[in-house]
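Read off the chains here:
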Amino acid sequence: MPIPSYQQLFRPLLAAIEDGRAHQMADLHERLSTFFELTQEEIQRRLPSGRQTYFRNRLGWARTYLGKAGLIEIPARGSCKITDRGRQALVDCPNAISNAYLRQYPEFLEFTRGSRETADRSQATTTDNDLTPEERLRSAHAELKDTLADQLLTHIKQCSPQFFERLVVDLMLAMGYGGTAEDAGLATQYSADGGIDGIIKQDPLGLDSIYLQAKRYTENTIGRPEIQKFCGALDMCRAKKGVFITTSRFSQEAQAFVGMIEKKIILIDGDKLADLMITYGLGTSVKETLTLQAIDSDYFSEDD
């Protein structure tokens, strides 16, 4: 049979993990390719970019969509586990599960509509058929970017706090802070940093520096007390500039506080962190480039 679409993989994927244990995606890839009786040629057929096979790509999207709808959870990188909602889906849909079924869950709707810079699309009622090809392309690009941002944060949260401290320094350097000096940015000694996780020199002599605080949280919201502690650490360093970066979010009180103090402190939450990493290519690579062309009306001019 042809390589199944990602929606055709929904129910077989759930059925394969119905036992409630965490399953590795590599094992599920083999199990489901056997289930669909795919040939070696079909299993190995690659996307135009050549970086991934069609089947592995679609299986990954199936896991993403089921995860966003809450039918599965991801206990560790490269694995998945069924939820009670997933078991109910197997009962509700004895033949097939589609996006139409998943749309009953608000979190899935939020994911497909886009929750960051594309939030203004969340109230739209148009379907894909109502959009021009260019609009569909932009919408697909926005959805891919949102998914990549979610994947980035998932990876970061599974890494160590030390890795995250190095990451925020790398991000600042990738954004152009610190110039070209070899020692322009460094992560401070872990567990003995005095509330400072990284330092970026803004000039070769280090006469002016930016101090960094990194908090790798899964759910915790950063409140005003944490920002006040960071201010105290800046005072100890006689610093006036700081960047506080977290994988979670900041409370309204924390955001209001930085607007009342003399020091310049920039707050970067998880959504902004992922967006900056994508913009500056940190932890990501270009998978495929699509060029959108249009008629060059000047070429067809016969006025000369």
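About the thresholds
- Residues numbered from 1 in each chain as written.
- Predicted model: local features only at pLDDT ≥ 70, side-chain atom pairs only at ≥ 80, totals over all residues.
- Heavy atoms only, no water.
- Helix = DSSP H or I, 4+ residues; strand = E, 2+ residues; numbered from the N terminus.
- Buried < 20%, exposed > 50% of the residue type's maximum accessible area, 1.4 Å probe, protein only.
- Contact = heavy atoms within 4.5 Å.
- Pairing = 2+ DSSP bridges.
- Axes fitted to C-alpha atoms, helices over the stretch in contact; angles between N-to-C directions.
- Parallel < 35°, antiparallel > 145°, perpendicular 65-115°, else oblique.
- Nonpolar A, V, L, I, M, F, W, Y, C, P; charged D, E, K, R; others polar.
- Salt bridge = Lys/Arg side-chain N within 4 Å of Asp/Glu carboxyl O.
- pLDDT = per-residue confidence, 0-100.
- Patch = residues over 30% accessible without salt bridge, like charges linked within 9 Å, V, L, I, M, F, W, Y side chains within 5 Å.
- Areas by Shrake-Rupley, 256 points an atom, 1.4 Å probe, with all protein chains shown as cover.

1. Observations regarding the overall build of the chain
No. 1: Check the secondary structure of the chain and you find 12 helices and 10 strands.
No. 2: Counting across all 304 residues of the chain, residues that qualify as buried make up 36%.
No. 3: Taking the intrachain contacts of the chain between residues at least 6 apart in sequence as the baseline, contacts between residues at least 24 apart amount to 64%.

2. Remarks on the environment of Leu-38
No. 1: For Leu-38, the location among the structural elements is in the loop between helix H2 (25-35) and helix H3 (40-44).
No. 2: Considering only alpha carbons, one finds Leu-38 and Pro-2, 36 residues apart in sequence, at a separation of 7.7 Å.

3. Points about the pairing of strand S6 (residues 209-215)
No. 1: Of all seven residues that make up S6, six are buried, and the element is covered over most of its length.
No. 2: Where S6 meets strand S8 (residues 241-246), five bridges bridge the pair, whose relative direction is parallel. Note that in S8 the partner of Ala-214 across the bridge is Ile-245.

4. Considering the sheet that holds strand S2 (residues 72-73)
No. 1: Taken together, three strands build an open sheet; the order of strands is S1-S3-S2 and the sheet is antiparallel. Among the strands making up the open sheet, the edge pair consists of strand S1 (23-24) and S2.
No. 2: Of the strand pairs in this sheet, S1 and strand S3 (residues 79-82) are connected by two bridges, and their pairing is antiparallel. Across the sheet, the residue bridging to His-23 is Cys-80, located in S3.

5. Details of the packing of helix H4 (residues 54-68) against helix H7 (residues 106-113)
A packed helix pair is summarised by two numbers, namely the angle formed by the two axes and the spacing between the axes.
No. 1: At a minimum axis separation of 8 Å, H4 and H7 run at an interaxial angle of 130 degrees. Taken together, H4 and H7 sit at an angle that is classed as oblique. Side by side, H4 and H7 meet where Thr-64, Tyr-65 and Lys-68 of the first sit next to Glu-107, Phe-108 and Phe-111 of the second.
No. 2: In the contact of H4 with H7, the residues fall into three nonpolar, one polar and two charged.

6. What to know about the pattern of salt bridges
No. 1: What the rule picks out here adds up to seven salt bridges.
No. 2: A salt bridge links Glu-41 to Arg-45, with the shortest nitrogen-to-oxygen separation between them at 2.7 Å.
No. 3: Since its relative accessible area comes to 48%, Glu-41 is described here as partly exposed.

7. A short note on the confidence of the model for the chain
No. 1: Residue-level pLDDT values for the chain average 86, and 86% of them are 70 or greater.
No. 2: Ranking the helices and strands of the chain by mean pLDDT puts helix H1 (residues 10-16) first, with 98, and strand S4 (residues 185-187) last, with 69.
No. 3: Here residues 115-129 is modelled with pLDDT under 50, and outside its nearest four sequence neighbours on either side it reaches 20 contacts, counting other chains as well.

8. Here we look at a nonpolar patch on the surface
No. 1: On the surface, Leu-137, Leu-290 and Leu-292 cluster together into a nonpolar patch covering about 310 Å² of accessible area.
No. 2: One can find Leu-137 in helix H8 (residues 133-157).
No. 3: Relative accessible area serves as the criterion here: at 37%, Leu-137 is assigned to the partly exposed category.

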